[in-house]
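Letter by letter, the chains look like this.
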Amino acid sequence: MQRANVCLIDNEPVMLDLLCEVVEQAGLTARGFTRASQFFEEIGESESVSIVVLDLHMPEMDGVEVMRRLAKTKNPPALILVSGHDIGVLHAAEKLGRAQNLNILASLSKPLPLDELRMLLIPYSQRATEKRDDTASATQYRPVLVELRQAIQNNQLVPHYQPQLEIATGKITGVEALVRWQHPVAGLIYPDQFISLAEQGGLIGELTYWMIRNVAAQLQIWQSAGFSLVVSVNISAMDITTLTLPEQLGQLLKNNKLDPTLLTLEVTESALMGELVTSLDILTRLRLKGFGLSIDDFGTGYSSLLQLHRVPFSELKIDRCFVASMTTDAEARSIVKTCIVLGHELGMKVIAEGVETEAQLQELRQLGCDKAQGYFLSRPVPERDLIAWLKART
Ligand code: C2E
Ligand code: MG
Ligand code: MG
């Protein structure tokens, strides 16, 4: 059978021809279907389909039904959703797809922005081959617990630092420390490959303490070199079950002659889903001791408002999924705007993560966001590169 990279399902034949042309211009193979049932009959679960461009409104089997059927297959293709109806329907379908663990690449309203579609497909086809290479080196490497334990003990972990910009002054006032594992054989391993292993294997407390100990030593060096930076460190749900955490961290900073205000702890909303009384106790005492407290990936968890009401956060960090689309999607922009107002009303500083373009930064400035972090400024880098970068900026 001929390889079909992209399948298009749309009941309008003219639209289908146009879409096929765009797909082929992007260097991929296209196959069009005017009925979803025909797609399932002819293609079914074939793994040669990597993307399906799907019109949500079709007379016989609509897009939501198609998604439901695809979600049940072993290797569902990635999806681009298309709709001529209001944007709310499109976004609801997008969320529904994600809830079914489908990979939704984009949702586009009609009349279709054909250039946008083409641009969307070009990198995807390149990435498809790149990804396989990545997989060979890093993704396929599955570390085991003993190895991770040794890595912590043998200092194979390395904090990378990503700068945070104070938008109004243009100054870099802080960095987020993100852990990496310099593995002797597999190379640099990213946190998504070992944080949950550490959590499940009861090693996360050790890992968090390792990070904070290293960050504190680094802060001391920066202070004496005249760089005044605040550092944010991510902590896990399990870290906020140990009642002595505030005392431990307080002591650690005292030993390094550092003020706790120099350290911000980032907690995700989902981390607060556990034993609430204990986590509230710990987080409140961390704030009392002067540590900063940031609610990370804000807007993606559950009962956000309740958490904000109960926990004395000093910072709200807007999740990058809203920032990524805020210049192209009016709803995402409204969410960002509302988060900024909400954060300020509650006396918090607001930071946007995942800022990748100048346009996003401009818009955040207009909306009164306090800080920005993302690839537009710098990727997370090792300490040496951070210092070189900071020096080059001044
Ligand atoms: P996070 O705390 O939300 O960190 C932000 C993630 O977004 C980082 O991924 C960062 O590299 C990435 N990022 C930054 N700017 C951009 C951008 O402009 N565009 C895009 N697409 N991505 C950007 P990373 O380093 O892979 O970390 C992933 C997650 O792993 C972190 O999400 C955090 O939840 C967790 N993590 C990282 N370090 C630690 C740690 O020391 N302890 C714990 N418990 N978790 C950690
Ligand atoms: Mg974070
Ligand atoms: Mg985040």
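Positions within a chain are numbered from 1, following the residues in the order the chain's sequence is written. Chain letters start at A and ligand numbers start at 1, both assigned in the order the entries are written. Local features in this predicted model are restricted to residues of pLDDT 70 or higher, and side-chain atom pairs are both shown and tallied only at a pLDDT of 80 or more, whereas totals for entire chains, interfaces and linings draw on every residue. Here the side-chain values reflect all heavy atoms present in the structure, with hydrogen atoms and water set aside.

Turning our eyes to something else, we now look at the packing of aromatic side chains. Any two of the Phe, Tyr and Trp rings considered here, Trp counted by its six-membered ring, make a pair once their centres fall within 6.5 Å; the pair's planes then place it as stacked at under 30 degrees, edge-to-face at over 60, or tilted in between. Tallied over the entire structure, the rule returns four aromatic pairs. Here the aromatic rings of phenylalanine 33 and phenylalanine 39 are separated by 5.6 Å at their centres, their planes lie at 80°, and the arrangement is edge-to-face. Taking the centre distance of 5.0 Å and the plane angle of 70° together, the rings of tyrosine 161 and tryptophan 222 count as edge-to-face. Taken together, the residues span a long stretch of sequence, with tyrosine 161 in strand β6 (residues 157-166) and tryptophan 222 in helix α8 (residues 204-224) at a distance of 61 residues. For tryptophan 222, a relative accessible area of 2% gives the class buried. Pairwise contacts between aromatic rings join Phe33, Phe39 and Phe40 into one cluster. Strands are runs of DSSP state E lasting at least 2 residues, helices are runs of H or I lasting at least 4, and numbering of each runs from the N terminus. Relative accessibility decides the category of a residue: with a 1.4 Å probe and only protein chains considered, values under 20% of the type maximum give buried, values over 50% give exposed, and everything between is partly exposed.

A separate point is the nonpolar core. By nonpolar core is meant a set of buried Ala, Val, Leu, Ile, Met, Phe, Trp, Tyr and Cys residues that side-chain atoms within 4.5 Å join together. Within the largest apolar cluster, 75 residues are counted, with the highest numbers of intra-cluster contacts made by Trp222, Val231, Leu286, Leu316 and Ile318. Considering every element that reaches this core, the biggest residue donor is α8, with nine residues. What makes two residues a contact is simply this: any of their non-hydrogen atoms within 4.5 Å. Once you skip the residues sitting within four places of it in the chain, leucine 286 turns out to touch Leu245, Pro246, Leu249, Leu265, Phe291 and Leu293.

All right, on to empty space enclosed by the protein then. Here the term cavity refers to a set of points on a 1 Å grid, laid over the protein atoms alone, in which a 1.4 Å probe fits but cannot get out; the term pocket refers to an open set having protein on both sides within 12 Å along at least five of seven lines, with lining residues being those that place an atom within 4 Å of a point. Grid points are joined across faces, edges and corners, and a volume is the space filled by probe spheres set on the points. Within the structure shown, the criterion is met by one cavity of 30 Å³ or more. Its volume calculated, the largest cavity comes out at about 60 Å³. If you trace the largest cavity, you find it lined by Phe39, Ile43, Gly44, Glu45, Ser46, Val49, Leu70, Thr73, Asn75, Pro76 and Pro77. Asp, Glu, Lys and Arg are counted as charged, while Ala, Val, Leu, Ile, Met, Phe, Trp, Tyr, Cys and Pro are counted as nonpolar; the rest, among them Gly, fall into the polar class. Residues that form the lining of the largest cavity fall into these classes: six nonpolar, four polar and one charged.

What follows covers the coordination of the magnesium ion (ligand 3). A donor here means any N, O or S atom no more than 2.8 Å from the metal (3.2 Å for Na, K and Ca); water is not included, so a site may seem to lack partners. Ligation of the magnesium ion (ligand 3) by protein atoms is provided by Asp296 (OD), Asp297 (OD), Glu353 (OE) and Glu353 (OE), these donors lying 2.0 to 2.6 Å from the ion. Spacing between the donor residues of the magnesium ion (ligand 3) along the chain follows D-D-x55-E. Between the two metals, the magnesium ion (ligand 3) and the magnesium ion (ligand 2), the spacing is 4.0 Å, and aspartate 296 donates to both. Of this pair, aspartate 296 sits in strand β11 (residues 292-298) while glutamate 353 is found in the loop between β13 (349-352) and α14 (358-366), placing the two residues 57 residues apart along the sequence. Here the two residues aspartate 296 and glutamate 353 agree in accessibility, since each one is buried.

Around ligand 1, the structure places 21 residues, and the nearest of them are Arg180, Asn234, Arg320, Glu356 and Tyr375. Polar contact criterion, stated in full: a pair of N or O atoms within 3.5 Å, where within protein one must be able to donate a hydrogen and the other to accept it, and residues adjacent in sequence count only if both atoms are side-chain atoms. Between ligand 1 and glutamine 162 there is a distance of 2.9 Å, counted from a nitrogen atom to a side-chain nitrogen or oxygen. Between glutamate 353 and ligand 1, the recorded distance is 3.4 Å, taken from a side-chain N or O atom to an oxygen atom. Residue-level accessible areas treat just the shown protein chains as cover; the underlying method is Shrake-Rupley with a 1.4 Å probe. The fraction of the free accessible surface of ligand 1 (800 Å²) that becomes covered by protein chains is 84%. Mapped onto the shell around ligand 1, the elements with two or more residues apiece are β7 (171-183) and β11. It is β7 that contributes the most residues to the shell around ligand 1, four residues altogether. Considered class by class, the residues forming the shell around ligand 1 number eight nonpolar, five polar and eight charged. Neighbouring residues are identified by heavy atoms, a residue being near a molecule or strand if any of them is within 4 Å of it.

A few words on the coordination of the magnesium ion (ligand 2). For the magnesium ion (ligand 2), every protein donor is listed as Glu176 (OE), Asn234 (OD1), Glu266 (OE) and Asp296 (OD), and the spread of their distances is 2.0 to 2.3 Å. Coordination of the magnesium ion (ligand 2) draws on donor residues from a single chain, spaced E-x57-N-x31-E-x29-D in sequence. A relative accessible area of 1% means that glutamate 266 is categorised as buried.

Right, let's get into the pattern of salt bridges. Whenever a carboxyl oxygen of Asp or Glu lies within 4 Å of a side-chain nitrogen of Lys or Arg, that contact is scored as a salt bridge. This structure, assessed with the given rule, holds 14 salt bridges. Linking glutamate 60 and arginine 35 is a salt bridge whose minimum nitrogen-to-oxygen distance equals 4.0 Å. With a gap of 25 residues between them, glutamate 60 in the loop between β3 (51-55) and α3 (63-71) and arginine 35 in the loop between β2 (30-33) and α2 (36-42) connect regions that are remote in the sequence. Relative accessible area serves as the criterion here: at 45%, glutamate 60 is assigned to the partly exposed category. Note on arginine 35: relative accessible area 40%, which makes it partly exposed. Here aspartate 115 makes a salt bridge to arginine 118, at a shortest N to O gap of 2.6 Å. Placement of both aspartate 115 and arginine 118 in helix α5 (residues 114-139) is noted, with a separation of three residues, approximately one turn of the helix. The class for aspartate 115 is exposed, based on a relative accessible area of 52%. One network of salt bridges, with partners in common, ties together Asp10, Glu12, Asp55 and Lys110.

Bringing the confidence of the model for the protein chain into the picture now. Known as pLDDT, the predictor's per-residue confidence is scaled from 0 to 100. Averaged over every residue, the pLDDT of the protein chain is 89; residues scoring 70 or more account for 94%. Across residues 127-139, confidence stays below pLDDT 50; counting only partners more than four residues off in sequence or on other chains, it has five contacts.

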